[in-house]
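Listed below are the residues making up each chain.
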Amino acid sequence: MSVKSLKFGLAAALAILSAPMALAQEALSPDEMAALCHGGGSICVSATIPVARTTQAVQSWMSPDVGAAWAAGYKGKGVTITMVDDFSSSSRFSGNFGLGVQTQRHGEWTREEASMIAPAATIRSKDFSTGTAVPLAAGRNVLNLSYGMYATAGYGVNQIGWAPEEASIIYYATKGSAIVSKAAGNDAVAVGGVTGGQQDYLDLALIGKSTAIFVGALSTNGTTANKAQLAWYSDYAGSNPLVQSHFLVVGVEGDKTGLYGTSFAAPIISGYAAIIGSKFTNATPVQITNDLLNTARTDTLVNYNPSVYGKGEASLSRALAPVAIR
């Protein structure tokens, strides 16, 4: 079975979740979503986006760990983050990452967020509409996937005829060639679970892969004094230990930005991975992935349970603490 024509879900759904919105929006049907992503002669964008900001302020929606990392000199230099997302459709929505209200495409939002977390990283944009393979840059790479590949539930992953785009991503995660930060989903089900008779087969294909990280959303950044809980919409780790061991959560403070959804959790982890790579310059993608997973916090979460939170809330300060990682 081919899912090439069924790329939808997170990107389209989060345009609906995101607020404030200038106009009311209705959920798209599967066929409409497929047309959004693959129709209209879309052109693939694979360009490097220069970092224009010479200074960067820590925003209120960020974890304080981000500012501490910058103060120590770690901002993502030497690492490339490739955003695989929507950069060509007509779908846009409004929000504010602290730079003023903007109205942008889904990919433009996720790209901006990752660049704000890791301002010295090289940011590339890969439009997901064409299905062409994702190229890696020289050096260390992070791939951000704030979308899903949904089709009728019940198929085996080995029955899916992947387009070169997803096939390349799955290959990189399997071989440990790049860190893959995958938004968990917004259906309040376990990763890979059935919702509306469908499953995210990209989730299923990445389970058990060495450098894949599933990212869920908390309603706020957690502290030991004010513990955070899973956002009402976020998918959770579930009972599969292979998912639990590669599942992280981060705060998505939509009350401050107007942007909700696990689409805006994944770029935070992408930025964290780049920051870690800028300190541990000889670390492999597998080592950086394991560092993020093994240093996650559980004491900042309400009623921590691995079936909900996986490894816990990502802690950039703990991940940066060692002298070296291996």
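Since this is a predicted model, take the numbers as computed values, not measurements.

Colleague: Describe the overall build of the protein, naming the residues involved and giving the relevant values.
Modeller: Along the protein, the regular secondary structure elements total 12 helices and 13 strands. Buried residues in the protein amount to 56% of all 326 residues. Considering only residue pairs separated by 6 or more positions, the protein has 77% of its internal contacts joining residues 24 or more positions apart. Total accessible area computed for the protein in this model is approximately 12300 Å², and 53% of it derives from carbon and sulfur atoms.

Colleague: Give me the lowdown on the packing of helix α9 (residues 266–279) against helix α10 (residues 285–294), citing residues and values where you can.
Modeller: For the pair α9 and α10, the least separation of the axes is 10 Å and the interaxial angle reads 115°. Relative to α10, α9 is oriented so that their crossing is right-handed. Touching Ile269, Tyr272, Ala273, Ile276 and Gly277 of α9 are Ile288, Asp291 and Leu292, all from α10. In terms of residue class, the contact of α9 with α10 is built from six nonpolar, one polar and one charged.

Colleague: Describe the packing of helix α4 (residues 106–117) against α9, and please don't skip the residues or the numbers.
Modeller: Viewed as axis vectors pointing N to C, α4 and α9 meet at an angle of 35°, and their least axial separation amounts to 8 Å. The two elements α4 and α9 cross, and the hand of that crossing is right-handed. Two secondary-structure elements touch here, α4 through Thr110, Glu113, Ala114 and Ile117 and α9 through Pro267, Ile268, Gly271, Tyr272 and Ile275. Among the residues forming the contact of α4 with α9, the class breakdown is six nonpolar, two polar and one charged.

Colleague: Report on the side chain of Gln59, specifying residues and quantitative values.
Modeller: Residue position: Gln59 is located in the loop between β2 (46–49) and α3 (64–71). Judged by relative accessible area, which is 15%, Gln59 ranks as buried. Apart from residues lying up to four places away in sequence, Gln59 is in contact with Phe97, Gly98, Leu99 and Met116.

Colleague: Describe the environment of Leu206, and please don't skip the residues or the numbers.
Modeller: With respect to the element layout, Leu206 can be found in helix α6 (residues 201–206). A relative accessible area of 1% places Leu206 in the buried class. C-alpha separation for the pair Leu206 and Val157, spaced 49 residues apart in sequence, amounts to 9.7 Å. Discounting chain neighbours no more than four positions away, the residues touching Leu206 are Leu145, Ile170, Ala173, Val180, Lys182, Ala212 and Phe214.

Colleague: I'd like a description of the pattern of salt bridges, backed by residues and values.
Modeller: For the structure on display, the rule yields six salt bridges. Lys182 serves as the salt-bridge partner of Asp200, at 2.9 Å between the closest nitrogen and oxygen. Placement of the pair is Asp200 in strand β10 (residues 198–200) and Lys182 in strand β9 (residues 179–183), with a sequence separation of 18 residues. We classify Lys182 as buried; its relative accessible area is 0%. Glu253 is paired through a salt bridge with Lys256; the nearest N and O atoms lie 2.6 Å apart. The buried category is assigned to Glu253, whose relative accessible area is 6%.

Colleague: So what about α9? Which residues, and what values?
Modeller: An ideal rise of 1.5 Å per residue puts 20 Å on 14 residues; α9 measures up with 21 Å between its terminal C-alpha atoms. Judged by how many residues are buried, α9 sits mostly within the fold: 13 of 14 residues are covered.

Colleague: Residues and numbers for the packing of aromatic side chains, please.
Modeller: Taken as a whole, this structure holds eight aromatic pairs when the rule is applied. An angle of 40° between the planes, with centres 4.9 Å apart, marks the rings of Trp61 and Phe97 as tilted. Note that Trp61 is positioned in the loop between β2 and α3 and Phe97 in the loop between β4 (93–95) and β5 (102–104), a separation of 36 residues in sequence. Of the two residues examined, Trp61 and Phe97, each falls in the buried class. Judged by centre distance (5.4 Å) and plane angle (75°), the rings of Phe97 and Trp109 are edge-to-face. Of this pair, Phe97 sits in the loop between β4 and β5 while Trp109 is found in helix α4, placing the two residues 12 residues apart along the sequence.

Definitions and limits used
Residues numbered from 1 in each chain as written. Predicted model: local features only at pLDDT ≥ 70, side-chain atom pairs only at ≥ 80, totals over all residues. Heavy atoms only, no water. Helix = DSSP H or I, 4+ residues; strand = E, 2+ residues; numbered from the N terminus. Buried < 20%, exposed > 50% of the residue type's maximum accessible area, 1.4 Å probe, protein only. Contact = heavy atoms within 4.5 Å. Areas by Shrake-Rupley, 256 points an atom, 1.4 Å probe, with all protein chains shown as cover. Axes fitted to C-alpha atoms, helices over the stretch in contact; angles between N-to-C directions. Left-handed = near helix turned anticlockwise from the far one by under 90°. Nonpolar A, V, L, I, M, F, W, Y, C, P; charged D, E, K, R; others polar. Salt bridge = Lys/Arg side-chain N within 4 Å of Asp/Glu carboxyl O. Expected span 1.5 Å × (residues − 1). Phe/Tyr/Trp six-rings, centres within 6.5 Å; stacked < 30°, edge-to-face > 60°.

Nothing here speaks to function; it is all geometry.
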